[in-house]
Amino acid sequence: RAWILARQKQADQASDELARCMTLADNTRDKQNKDRANAINILVRTALNQTGSTETSLHYFLDSHPKDPAFHGQLATALAANHHYEEAVNEFQIAISLAEAQNLSDLAAVTYMQMGMSLNDSSAASDSKRQLSAFTAAEAIYHKQGNKLLEGRAALFIGFYYQKQKDYQNAIQSADLA
């Protein structure tokens, strides 16, 4: 029911239903119920654009799937949404390392892009540099794969980065590459 309410953008009702679902799962102490409740929490919070509220559920899944790069990437996004940028960068780096170790270059590239976008609201100069590095790394992976469409997409984000920095010459060059 929480998922349906979230898709209908009824945030308050979805949150109430979700709280009830999580409480019931905790009270039953049944792993399968807890798995479902945490999965629903992630789906509902993501649908409501409340990514930061998925942090607890993502930690829950990481406890049983520590080598899953997708969970690390999602946790990193939740951390960034809560303005915990340093922790987010660490989780993104874990996700990327795991993806690369498992020969999942597509996932590594997506995670680099996710990292770059997640750092967009940070005001730290170090995060600004990390953002550019993330977009550039994704662009390099897509170039190596010969995926011109996604390489162009990464180039656009690099252009947006330069535009934000008021470096219009590099912004134009990146747009031309896209």
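In the block above lies the structure referred to throughout.
Attention in this report is confined to the structure presented alongside it.

1. Quick notes on the packing of aromatic side chains
Move 1: This model, assessed by the stated rule, comprises 5 aromatic pairs.
Move 2: When the ring of Phe135 is compared with that of Phe157, the centres are 5.4 Å apart and the planes differ by 40°; the resulting orientation is tilted. With a gap of 22 residues between them, Phe135 in helix H8 (residues 125-145) and Phe157 in helix H9 (residues 148-164) connect regions that are remote in the sequence.
Move 3: Centre to centre, the rings of Phe157 and Phe160 are 5.8 Å apart; their planes meet at 85°, and the pair counts as edge-to-face. You can see Phe157 and its partner Phe160 sitting in helix H9, 3 residues apart, about one turn around the helix.
Move 4: An aromatic cluster of at least three residues, connected via ring pairs, comprises Tyr60, Phe61 and Phe71.

2. Considering helix H7 (residues 105-118)
Move 1: In a regular helix each residue adds 1.5 Å, so 14 residues correspond to 20 Å; H7 covers 20 Å between its end C-alpha atoms and thus fits that length.
Move 2: For H7, the set of buried residues is Ala108, Ala109, Thr111, Tyr112, Met113, Gln114, Met115, Gly116 and Ser118.
Move 3: If you follow the buried residues of H7, they end up packed against helix H5 (69-81), helix H6 (85-101), H8 and H9.

3. Comments concerning the pattern of salt bridges
Move 1: A complete count under the given rule lists 6 salt bridges for this structure.
Move 2: Of the charged contacts, one joins Lys31 and Asp35 as a salt bridge, the two residues approaching to 3.2 Å between their closest N and O atoms. On the criterion of helical spacing, the pair formed by Lys31 and Asp35 is a turn pair, its members being 4 residues apart in helix H3 (residues 31-47).
Move 3: Residues Arg130 and Asp127 are paired through a salt bridge, measuring 3.0 Å at the closest nitrogen-oxygen approach.

4. Digging into the packing of H3 against helix H4 (residues 55-64)
Each packed pair of helices is defined by two parameters, the angle between the axes and the distance between the axes.
Move 1: The geometry of H3 relative to H4 is characterised by a closest axis approach of 9 Å and an angle of 135° between their N-to-C directions. Viewed along their axes, H3 and H4 adopt a mutual orientation that is oblique. Here the hand of the crossing between H3 and H4 comes out left-handed. For the pair H3 and H4, the contacting residues are Lys31, Lys34, Asp35, Asn38, Ala39, Asn41 and Ile42 in the first and Ser57, Leu58, Tyr60 and Phe61 in the second.
Move 2: For the contact of H3 with H4, the residue count by class is 5 nonpolar, 3 polar and 3 charged.

5. Describing the nonpolar core
Move 1: Formed by 32 residues in total, the largest nonpolar core has its most connected members in Tyr112, Met113, Met115, Tyr142 and Tyr162.
Move 2: Those elements that place two or more of their residues in this core are H4, H5, H6, H7, H8 and H9.
Move 3: Beyond its immediate sequence surroundings of up to four residues, Tyr162 is in contact with Leu132, Asp167, Asn170, Ala171 and Ser174.

6. With respect to the environment of Leu48
Move 1: Residue placement: Leu48 occurs in the loop between H3 and H4.
Move 2: For Leu48, a relative accessible area of 14% translates into the label buried.
Move 3: In sequence terms Leu48 and Ala11 are 37 residues apart; their C-alpha atoms lie 6.5 Å from each other.
Move 4: With residues near it in sequence (within four places) discarded, Leu48 still touches Ala6, Ala11, Ala14 and Ser15.

7. Examining the packing of H7 against H8
Move 1: Their axes nearest at 8 Å, the elements H7 and H8 cross at an angle of 155°. Taken together, the axis directions place H7 and H8 in an arrangement best described as roughly antiparallel. Our pair here, H7 against H8, has a crossing hand that is left-handed. Contacts between H7 and H8 pair Ser105, Asp106, Ala108, Ala109, Val110, Tyr112, Met113, Met115, Gly116 and Met117 from the former with Arg130, Gln131, Ala134, Phe135, Ala137, Ala138, Ile141, Tyr142 and Gln145 from the latter.
Move 2: Here the contact of H7 with H8 is composed, by residue class, of 13 nonpolar, 4 polar and 2 charged.

What counts, and where the lines are drawn
Residues numbered from 1 in each chain as written. Predicted model: local features only at pLDDT ≥ 70, side-chain atom pairs only at ≥ 80, totals over all residues. Heavy atoms only, no water. Phe/Tyr/Trp six-rings, centres within 6.5 Å; stacked < 30°, edge-to-face > 60°. Helix = DSSP H or I, 4+ residues; strand = E, 2+ residues; numbered from the N terminus. Expected span 1.5 Å × (residues − 1). Buried < 20%, exposed > 50% of the residue type's maximum accessible area, 1.4 Å probe, protein only. Contact = heavy atoms within 4.5 Å. Salt bridge = Lys/Arg side-chain N within 4 Å of Asp/Glu carboxyl O. Axes fitted to C-alpha atoms, helices over the stretch in contact; angles between N-to-C directions. Parallel < 35°, antiparallel > 145°, perpendicular 65-115°, else oblique. Left-handed = near helix turned anticlockwise from the far one by under 90°. Nonpolar A, V, L, I, M, F, W, Y, C, P; charged D, E, K, R; others polar. Core = buried A, V, L, I, M, F, W, Y, C linked by side-chain atoms within 4.5 Å.

Keep in mind these values describe shape, not function.
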